[in-house]
Each structure stands twice: as C-alpha cells, then as structure tokens.
Amino acid sequence: MKKTSTRLADGRELLYYDSRDDAVRDEVDTRPLDPVSTASEIRRDPLLGDSVAIASHRQGRTYHPPADECPLCPSRDGRRSEIPAADYDVAVFENRFPSLAGPSGRCEVVCFTPDHDASFVDLTEEQAALVLEAWTDRTAELAELPQVEQVFCFENRGAEIGVTLGHPHGQIYGYPFTTPRTARMLDSLAEHRERTGRNLFDDVLADELADGSRVVLAAEHWAAFVPYAAHWPYEVHLYPRTRVPDLRALGEAARTEFPQVYLELLRRFDRIFGESEPPTPYISAWHQAPFSAGADRDGFALHLELFTIRRTSGKLKFLAGSESGMSVFINDVPPEAAARRLREVASS
C-alpha cells in the first residue's frame, strides 16, 4: 500500500491509499473554495450525562445530488469534485461539513471505490483489504491527536438509513470523548470482571459459539453471530477470535481473512429478503477501545456491528415511542430466526 497526503483548495487534508507502490498523486485541486468555516461545539446533557454535537453549519451540506454532480466521484471530463484525481483506489478527506471539528474532534470521509454505482459488497477482496488498511491507518493517526479520545469507522448504506450521497463511502469520527455506548460497554465489562473474574467479551463470544443457534459464520480467525438481545431486526456482530482493543492491534492472519468474511456477510444481507427487494440498507460500525487513561483498553474487544432497519419485505423498522423516548427497543424478529435466515442465504 502507498499513502499520499495532499491538500484540497480550502486547506482540508486529502489522502490517497493506493494498492500500487509506484502510484503518483500530483493532482492539484483548482476549485475556487472558501476556507471551511465550522460552528461545531459539544454540549453535555446534565441529566443523561452524554454529549451532543451542535453543528449548525451542516444545514447547507450537499443533499442527494444527481450522479453527474457527485462530489465523491473522481474529477473527470472537466467536472471537478472533492477528489482531484481522475481515478483512485481509496481516498480519505476531511469532511467539508463536519459534525466535529477543531477542539471538538475530527470527521473524515472514506471513498471505497471510484465506481459511483458500486457498493462495498461489489469490492474485490484486495479492494476490501485496502479499505481495512485505510481504516487502520486513520485510527493510528487520529489516536495521536490530543482532541481525539475515540475513533469510530462506519458506513451507512441506503436512502432508508438517511444517506444523502449515493456514492459508496463511509466516515470516520474522531470523538473528543468516550461515546455513551462504549461507556456502557466498559461499565458492563468492569461489573462482569468484578463478579466473575473473567472478561465479558470473551465470555459472550464463547457462549455464542457453544450455543450455536445464533452463529451466522464461523471462520478460522473471525466469528459472526446475532446477539442474544439484538436491538435490530437483522443484526450481526463480527469478532476476531483473538481479542484486541482496536484495528491497529489486529494480527496479520485476521487481516488477511477479514475481506472474505466481511464480504460474505454483506452478500448475505442483500439476500435476506429475496432478489425482488432492492439492496438491504444497513449501518456497519466498528467498535474500538477509547484512548483515555481510565478506559480498560486491554479488556475491550474490537468488533464490528452490522444491522439493517428493514424488518421484512417492503417494511422498515422505525424508532417509535419506546425506542426514541425511553431507549427500550422492541424487536419483531427473534434473533435465532434472524441467524437461521442468514445461514440459509450463505454463498454456495
């Protein structure tokens, strides 16, 4: 892999990740852009104890542009985009409309492929491996920023999820705090150790593999299962079999196997509801240990959570009063049934 860092016309950083070591990236962004102006601030809720990013500048962000005006496609045929090159493998750049910026953190966009009409599932294993390298490199670099306490790599796919740019891409958030979801995991981790003397993540994975009813895929270095108390209709958690705190610590064997495992999971997601349904909308989210001194980094387990809001053909799960108002989820699909369906649609 070759990494090249450059700057866009307004000063934002752009990074190319190329599979070829001899790739040359000398394109210049000639767009007449004004410097990025953000109004991001973090406010803490005194009742819940969590944080909210206030980012009023995002009201003017790009919203469902036509394909020939996509800002994530390469710059070709006289049309200039966020990526000055006429082609690329993987590109990462600072978001022009970030939710978090400056002392409030950092937001980046990850373009998986120059093909506007593709999706992550269409990538080759070599391309998916390059994306993994980019995620890992960005985690390592953002970890060095003093304002970043946790790195979150994720992808939202599908208009039903709320995606406003159709080009296959994901994002990376560098939070200036430990997110509420991770904080709850750390609390559960500490309580479990105090009660049993064992690691909670290890026990969850071991219990799921031993039970087997919710296991979706078991490879040599990775295991995927529907959690016992799944929040979403179809929700899969993917764990490396060797516990590590974040992407930087993944072993070479796990890195090599990841593309085939992850691409298979995405193919199964697209088959859940049959060929007549459009591609399954999903969120794919990496959970990594925070960097704060008080966090149990050694005890935390890197894992990926993949889920969809489609509950059956033609129907979506919307967060209703119980979920939105009280954070109590109601799942219409039994986790064992979801796992069984995901096993049924395995690639032959």
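These remarks concern the structure in this document. (Residues numbered from 1 in each chain as written. Predicted model: local features only at pLDDT ≥ 70, side-chain atom pairs only at ≥ 80, totals over all residues. Heavy atoms only, no water.)

### Quick word on the sheet that holds strand β11 (residues 234-240)
Now for step 1: Spatial ordering of the open sheet is given by β1-β2-β5-β6-β8-β7-β12-β13-β11-β10-β9, a layout of 11 strands whose pairing is antiparallel. Single-partner strands in this sheet number two, and they are β1 (2-7) and β9 (215-218). In this sheet, neighbouring strand axes are inclined to one another by 20° on average, regardless of whether the strands run parallel or antiparallel.
Now for step 2: Pairing of strand β2 (residues 13-18) with strand β5 (residues 90-94), which is carried by 4 bridges, proceeds in the antiparallel orientation. (Pairing = 2+ DSSP bridges. Helix = DSSP H or I, 4+ residues; strand = E, 2+ residues; numbered from the N terminus. Axes fitted to C-alpha atoms, helices over the stretch in contact; angles between N-to-C directions.)

### With respect to the side chain of His-167
Now for step 1: Mapping His-167 onto the fold places it in the loop between β7 (150-157) and β8 (169-175).
Now for step 2: For His-167, a relative accessible area of 1% corresponds to the buried category.
Now for step 3: In terms of polar contacts, His-167 uses its side chain to reach the side chain of His-116, at 3.5 Å.
Now for step 4: His-167 has contacts with Cys-70, Leu-72, Cys-73, Tyr-88, Thr-113, Pro-114, Asp-115 and His-116, leaving out every residue within four places of it along the chain. (Buried < 20%, exposed > 50% of the residue type's maximum accessible area, 1.4 Å probe, protein only. Polar contact = N/O pair within 3.5 Å; in protein donor to acceptor, adjacent residues only side chain to side chain. Contact = heavy atoms within 4.5 Å.)

### Description of the packing of aromatic side chains
Now for step 1: The full count for this structure, using the stated rule, is 19 aromatic pairs.
Now for step 2: Summarising the aromatic geometry, the rings of Tyr-234 and Phe-273 are spaced 5.5 Å apart at their centres and angled 90° between planes, so their arrangement reads as edge-to-face. Taken together, the positions of Tyr-234 in strand β11 and Phe-273 in the loop between α4 (252-271) and β12 (282-287) put the pair 39 residues apart, joining distant regions of the chain.
Now for step 3: Aromatic side chains Phe-258 and Trp-286 sit 5.5 Å apart centroid to centroid with 40° between the ring planes, which places their arrangement in the tilted category. Within this pair, whereas Phe-258 is found in helix α4, its partner Trp-286 is found in strand β12, the two being separated by 28 residues in sequence.
Now for step 4: Taken together, the ring pairs in this structure connect Phe-112, Phe-120, Trp-135, Trp-222, Phe-258, Tyr-262 and Trp-286 into an aromatic cluster.
Now for step 5: In this structure, Arg-25 packs its charged tip against the face of Tyr-16, placed 4.7 Å from the ring centre. (Phe/Tyr/Trp six-rings, centres within 6.5 Å; stacked < 30°, edge-to-face > 60°. Lys NZ or Arg CZ within 6 Å of the ring centre and 35° of its normal.)

### Section: the nonpolar core
Generally speaking, nonpolar side chains in soluble globular proteins are found buried as a group.
Now for step 1: Ranked by size, the top nonpolar core spans 52 residues in total, and within it Phe-120, Trp-135, Val-216 and Trp-286 carry the most contacts.
Now for step 2: Here the element with the most residues in this core is α4; it accounts for 8 residues.
Now for step 3: Beyond its immediate stretch of four places on either side in the chain, Trp-135 contacts Phe-112, Phe-120, Cys-153, Ile-172, Leu-247, Phe-258 and Trp-286.
Now for step 4: By size, the runner-up hydrophobic cluster in this structure holds 14 residues, among which are Leu-14, Cys-73, Ile-83 and Ala-91. (Core = buried A, V, L, I, M, F, W, Y, C linked by side-chain atoms within 4.5 Å.)

### So, the side chain of Ser-119
Now for step 1: Note that Ser-119 resides in the loop between β6 (106-111) and α1 (125-142).
Now for step 2: Its relative accessible area of 9% is what places Ser-119 among the buried residues.
Now for step 3: At 2.9 Å, the side chain of Ser-119 forms a polar contact with the side chain of Arg-157.
Now for step 4: Those residues within four positions of Ser-119 in sequence are excluded, and the remaining contacts are Arg-157, Pro-168 and Tyr-282.

### Some words on α1
Now for step 1: Compared with an ideal rise of 1.5 Å per residue, which puts 18 residues at 26 Å, α1 spans 26 Å between its outermost C-alpha atoms and is within 8% of the ideal.
Now for step 2: Of the residues making up α1, those classed as buried are Ala-128, Leu-130, Val-131, Leu-132, Ala-134, Trp-135, Thr-136, Asp-137, Arg-138, Thr-139 and Leu-142. (Expected span 1.5 Å × (residues − 1).)

### Structural notes on the environment of Leu-342
Now for step 1: Examined against the element boundaries, Leu-342 turns out to sit in helix α6 (residues 335-344).
Now for step 2: On a C-alpha basis, the gap between Leu-342 and Phe-225 in space is 9.6 Å, while along the polypeptide they are 117 residues apart.
Now for step 3: Each residue touching Leu-342, except ones within four places of it in the same chain, is listed here: Val-216, Val-226, Tyr-234, Val-236, Arg-268, Phe-269 and Ile-272.

### Some points on helix α3 (residues 200-211)
Now for step 1: With 12 residues, α3 extends 16 Å from end C-alpha to end C-alpha; this agrees with the ideal 16 Å at 1.5 Å per step.
Now for step 2: Turning to α3, its buried residues number three or more, namely Phe-201, Asp-203, Leu-205 and Glu-208.
Now for step 3: Positive phi shows up at Gly-212, right after α3, with a value of about 85°.

### Concerning the pairing of β1
Now for step 1: Where β1 lies against β2, 6 bridges are found, and the strand directions are antiparallel. Its bridge partner being in β2, Lys-2 is matched across the sheet by Asp-18.
Now for step 2: Turn length for the β1-β2 hairpin, with the two strands adjacent in sequence and antiparallel, is 5 residues, and the turn residue Gly-11 shows positive phi of about 95°.

### Quick notes on the pattern of salt bridges
Pairs may arise between side chains of opposite charge once their charged atoms sit close together.
Now for step 1: Taken as a whole and judged by the stated rule, the model has 34 salt bridges.
Now for step 2: Between Arg-31 and Asp-29 there is a salt bridge whose closest N-O contact spans 2.9 Å.
Now for step 3: Here Arg-31 falls in the buried class, since its relative accessible area comes to 12%.
Now for step 4: Here Asp-137 makes a salt bridge to Arg-138, at a shortest N to O gap of 3.7 Å. With respect to class, Asp-137 is no different from Arg-138; both count as buried.
Now for step 5: Because the salt bridges share partners, they merge into one network encompassing Lys-3, Arg-7, Glu-13, Glu-94, Arg-106, Glu-108, Asp-137, Arg-138 and Glu-141. (Salt bridge = Lys/Arg side-chain N within 4 Å of Asp/Glu carboxyl O.)

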